[in-house]
Amino acid sequence: MPNIAVFIEQRAGQIKKVAWQMLSEARKLTDAHGGEVWGVHLHAASCNVNEDAGKHGAHKVFTAEAAEFDRYDSELWTQAMAAFINEHKPDVVLVGSTAMGKDLAPRLAARLKAACVSDAVGLSWDGGLVVRRPVFAGKCYADVATRGDVAVVGIRPNAFALAETGGAAEAATFSPGLDAGAAKAKVSAVETAAAGQISLTEAEVVVSGGRGIKGPENYAMIEKLAEAFGAASGASRAIVDAGWVDYSHQVGQTGKTVAPNLYVACGISGAIQHLAGMSSSKCIVAINKDAAAPIFKVADYGIAGDVFEVLPALTEAVQEIKKG
Amino acid sequence: MKIAVCVKQVPDSESRINLSGPVPELDTSSFTMIINPYDQYAVEEAVKIKEKLGDGEITVVTVGAEARVREMIKKDCLAVGCDKAVVVDDAALAGADSFAVAQVLAAALKREQFDLVLFGIKAIDDDASQVGIMTAELLGMPHVGYIGDLELKDGALTAKREIEGGVEVVDSPTPCVLTCGKGLNEPRLPSLPNIMKAGMKPVEVLDCAGLGVEVPASLTEVKQFAPPPPRGECTMIDAEDPAAAARELARALHEDAKII
Ligand SMILES: Cc1cc2nc3c(=O)[nH]c(=O)nc-3n(C[C@H](O)[C@H](O)[C@H](O)COP(=O)(O)OP(=O)(O)OC[C@H]3O[C@@H](n4cnc5c(N)ncnc54)[C@H](O)[C@@H]3O)c2cc1C
């Protein structure tokens, strides 16, 4: 009978897709076990999340408006979410494991003295919440039970499928009880990445290159294939450390965790630290000239071949299909 | 400037975990233990700050059995420039969750007035990314999470953190908690003479009672560890030449897997 609150994150005027994924999954739980799904949304200017939230499973959407919600602030978001939780007492609060969510969830949980679990890929209800999450670089999963009145749970983007089985959500507002004076660390500017760049952690498709591409000049080959797919481009640590591409592209244990629909690993051996960042991708393609490379153990499709021969042809074939 | 760096000992990611089914506990006997790689960025950043200011003191703090963490504290922390260490060794903390550890660290950190408290962004064993930020909350300090760039000013700092599609620039007064990731610096290796000298630096060992706190209860509990969901067999695409293989792959992704 859990009431599940879902934090509906907005950045730069865009709602994060993980919010709809969380609502969809939460609704599955409440349909099976009772309880309600509540969307919680903080906004500065006018907002219109109700319809989408309802469609994806929210019974109610609680919104709070304040000029301060224009730009993310750890302290103010913590205050607002804590105010909501103290007033409405959900049993579970879901927060996307995004840059914002990873920043917010621990601070919020500590303020509420609540259980906190991050980067979950599965939720179940067995008299209480059980959260499934990868640990030890994805080499195994832990099923975690939580204690206390409320649990704050981070959800890995793309872990849950979207469902549009909901209907209209009831709209409500709440008072965020802001004390702006308590906010000491302030975001003074946001530098946006070059236009057209797709964010690695949010991309539906990721194409990554490793040492098999032989040199920095060949990363363009990865970017071309990525462009054909409409994908973000990633990298193994080997080529980041070699200075061939910027660290922001690194996928893996000491880089980004991605879970796209399709991950294409080109000239990447598949070291455990790389797998840690991508092994929960839905479909994995590996192109590697060594047929015994460990990457094939996690791949769904493989070509044992030379990236210099395969990638240009693949880029062309994908362009053809995309043209329709 | 007084800086604290909180570090954790974790199993090397090469450590093998072979599960054929769910188990209540993992066999950790074969694990090789190392300093959490992210914490090395925090240590390095602290040392860089002290070098730049030409003044200051760096205290490294860890929770763990003293006998197990001794070498890590000496080699990876004191030998690369930290000045002293505090080890909270309490058998009752075995299996403690992030919030319990954060409470213990906060108690240890409250004993001194630190201007900066540095953490790694996450530990590579439980990957939780929680302890640093929770500790900030418990200390009543602001935090900047996942910094990739840091500039100190008098009584304040500016840090940059990567977000989806950009970078946030955050200004904060000190004291402040920072969580450090790759890209911030290149951790140095300890030299042999410095490892020898590190043996002389003070290491204080105490338990929760010594900190004046009760052993905090964990609010989360691992019920079982399970193998990752099996992935299907890999379909190897064979064709007469690489171009044909590429076309077949594109077709399969389009028609069979329906991804493109
Ligand atoms: C603490 C720690 C953290 C780490 N974190 C990360 C991380 O976050 N991300 C990460 O990626 N790694 C990480 N690593 C490093 C990891 O262990 C590997 O060293 C790294 O992933 C290897 O990168 P690679 O696959 O590009 O290179 P290699 O292992 O050298 O593999 C290159 C592959 O390319 C293939 N190849 C060569 N030429 C061709 C060709 N012409 N066509 C097709 N294939 C070809 C080869 O068969 C080989 O399999 C970490 C390591 C440690 C110790």
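Reading the values: rules and limits
- Residues numbered from 1 in each chain as written.
- Chains lettered and ligands numbered in written order.
- Predicted model: local features only at pLDDT ≥ 70, side-chain atom pairs only at ≥ 80, totals over all residues.
- Heavy atoms only, no water.
- Near = heavy atom within 4 Å.
- Polar contact = N/O pair within 3.5 Å; in protein donor to acceptor, adjacent residues only side chain to side chain.
- Areas by Shrake-Rupley, 256 points an atom, 1.4 Å probe, with all protein chains shown as cover.
- Helix = DSSP H or I, 4+ residues; strand = E, 2+ residues; numbered from the N terminus.
- Nonpolar A, V, L, I, M, F, W, Y, C, P; charged D, E, K, R; others polar.
- Pairing = 2+ DSSP bridges.
- Axes fitted to C-alpha atoms, helices over the stretch in contact; angles between N-to-C directions.
- Contact = heavy atoms within 4.5 Å.
- Parallel < 35°, antiparallel > 145°, perpendicular 65-115°, else oblique.
- Left-handed = near helix turned anticlockwise from the far one by under 90°.
- pLDDT = per-residue confidence, 0-100.
- Core = buried A, V, L, I, M, F, W, Y, C linked by side-chain atoms within 4.5 Å.
- Buried < 20%, exposed > 50% of the residue type's maximum accessible area, 1.4 Å probe, protein only.
- Phe/Tyr/Trp six-rings, centres within 6.5 Å; stacked < 30°, edge-to-face > 60°.
- Buried area = accessible area lost by both parts, 1.4 Å probe.
- Salt bridge = Lys/Arg side-chain N within 4 Å of Asp/Glu carboxyl O.
- Domains from an automatic or database assignment.

A few words on the site of the ligand. Within the structure, the ligand sits among 27 residues, and A:Ser236, A:Thr254, A:Ser269, A:Gln273 and A:Asn288 are positioned closest to it. Neighbouring residues of the ligand are distributed over chains A and B. A:Arg211 is positioned such that a nitrogen or oxygen atom in its backbone is 2.8 Å from an oxygen atom of the ligand. In the model, a nitrogen atom of the ligand is placed 2.8 Å from a nitrogen or oxygen of the A:Lys214 side chain. For the ligand, whose free accessible area comes to 980 Å², the fraction covered by protein is 80%. Listed by contribution, the elements that provide at least two residues to the shell around the ligand are helix 6 (237-241), helix 7 (272-278) and helix 9 (307-323) of chain A. Residues of the shell around the ligand, tallied by class, amount to seven nonpolar, 14 polar and six charged.

What follows is about the sheet that holds strand 5 (residues 60-65) of chain A. Residues and elements named next belong to chain A. On the basis of which strands lie adjacent, the open sheet formed by seven strands has the order 7-11-6-1-4-5-12 and parallel pairing. Looking at the sheet topology across the chains shown, the edges are occupied by strand 7 (115-120) and strand 12 (170-173). On average, each strand axis in the sheet is inclined to that of its neighbour by 25°, with strand direction left out of account. As defined by bridge partners, strand 1 (residues 4-7) adjoins strand 4 (residues 37-43) across four bridges and the pair is classed as parallel. Bridged to Val6 within strand 4 is Gly39. Running over the sheet, helix 3 (residues 74-88) touches strand 1, strand 4, strand 5 and strand 6 (92-96) and is turned about 145° from strand 4. Packed onto the sheet, helix 4 (residues 99-112) meets strand 1, strand 6, strand 7 and strand 11 (151-155) and runs at close to 165° relative to strand 7.

Residues and elements named next belong to chain B. Two elements in contact, helix 3 (residues 98-109) and helix 4 (residues 131-139), have axes whose closest approach is 8 Å; the angle formed by their N-to-C orientations is 50°. Between helix 3 and helix 4, the interaxial angle falls into the category oblique. In the crossing of helix 3 with helix 4, the sense of the turn from one axis to the other is right-handed. The residues of helix 4 that touch helix 3, namely those facing Ser98, Phe99, Val101, Ala102, Gln103, Leu105, Ala106 and Leu109, are Val131, Met134, Thr135, Leu138 and Leu139. Of the residues assigned to the contact of helix 3 with helix 4, the class counts are ten nonpolar, three polar and no charged.

The predicted structure's coordinates, where accompanied by low pLDDT, should not be read in detail. Residues of chain B with pLDDT of at least 70 account for 100%, and the chain-wide mean is 96. Of the two predicted TM-score estimates for the complex, the pTM is 0.96 and the ipTM is 0.96.

Bringing the nonpolar core into the picture now. Formed by 74 residues in total, the largest nonpolar core has its most connected members in A:Trp77, A:Leu94, A:Leu123 and A:Val153. Those residues in contact with A:Val153 that sit more than four places away from it in its chain are A:Val92, A:Val93, A:Leu94, A:Val95, A:Val117, A:Ala120, A:Leu123, A:Leu129 and A:Val131. Listed in part, the 43 residues of the second largest apolar core include B:Ile73, B:Val87, B:Ile124 and B:Leu150.

For the rest of this paragraph, the subject is the packing of aromatic side chains. Each aromatic ring pair is described using two quantities: the centre-to-centre distance and the angle formed by the ring planes. All names here are of chain A. Tallied over the entire structure, the rule returns eight aromatic pairs over all chains. Ring geometry for Trp38 and Phe84: centres 6.3 Å apart, planes at 85°, overall edge-to-face. Note that Trp38 is positioned in strand 4 and Phe84 in helix 3, a separation of 46 residues in sequence. Phe84 shares its class with Trp38; the two are buried. Their ring planes at 65° and their centres at 5.1 Å tell us that Phe84 and Phe174 sit as a pair that is edge-to-face. Taken together, the residues span a long stretch of sequence, with Phe84 in helix 3 and Phe174 in the loop between strand 12 and strand 13 (186-192) at a distance of 90 residues. Both residues of the pair, Phe84 and Phe174, belong to the buried class.

Time to look at the interface of chain A and chain B. With 85 residues of chain A at the interface, the matching set in chain B holds 78 residues. In this assembly, chain A packs against chain B so that about 7000 Å² is buried in total across both faces, 57% of it on carbon and sulfur atoms. When residues of chain A are sorted by the area they lose upon contact with chain B, A:Arg107, A:Phe136 and A:Tyr301 head the list and together hold 11% of the total. For the pair chain A and chain B, the interface holds ten salt bridges. We note a salt bridge from B:Glu137 to A:Arg107, for which the minimum N-O separation is 2.9 Å. Where chain A touches chain B, the interface holds 44 residue pairs in polar contact (both at pLDDT 80 or more). A total of eight residues in the side of chain A that touches chain B trace back to one element, the largest contributor, which is helix 4 of chain A. Grouping the amino acids of the side of chain A that touches chain B by side-chain chemistry returns 43 nonpolar, 20 polar and 22 charged.

Between B:Thr174 and B:Pro175 the backbone carries a cis peptide bond, its omega angle lying at 0°. Looking at the element boundaries, B:Pro175 is found in the loop between strand 9 (166-173) and strand 10 (176-180). The residue A:Ala12 is not glycine, and still its phi comes out positive at about 50°. Within the secondary structure layout, A:Ala12 lies in the loop between strand 2 (10-11) and strand 3 (14-15).

What follows concerns the domain arrangement of chain A. Residues and elements named next belong to chain A. Annotation of chain A at the domain level lists domain 1 (4-182) and domain 2 (205-323). Relative to domain 2, the C-alpha centre of domain 1 lies at a distance of 32 Å. Contact residues are listed per partner, giving six residues for domain 1 and eight residues for domain 2. Regarding the contact of domain 1 and domain 2, the summed buried area is about 600 Å², with carbon and sulfur atoms giving 52% of it. Summed over the three residues of domain 1 that lose the most area to domain 2, namely Ala137, Arg156 and Asn158, the buried surface amounts to 70% of that side. The interface formed by domain 1 and domain 2 holds zero salt bridges in total. Counting every contact that joins domain 1 to domain 2 gives three residue pairs in polar contact (both at pLDDT 80 or more).

This brings us to the pattern of salt bridges. Oppositely charged side chains may form a pair once their charged atoms are brought near each other. With the rule as written, the count across this model stands at 39 salt bridges over all chains. Between B:Lys160 and A:Glu191 there is a salt bridge, with the nearest N and O atoms lying 3.6 Å from each other. Of this pair, B:Lys160 sits in strand 8 (residues 156-163) while A:Glu191 sits in strand 13, each in a different chain. Look at B:Lys160 and you get partly exposed, because its relative accessible area is 30%. Residues B:Asp127 and B:Lys122 are paired through a salt bridge, measuring 3.5 Å at the closest nitrogen-oxygen approach. Per residue, the accessibility class of B:Asp127 equals that of B:Lys122, and both read buried. Through salt bridges with shared partners, a single ionic network connects A:Arg11, A:Asp103, B:Arg161 and B:Glu168.

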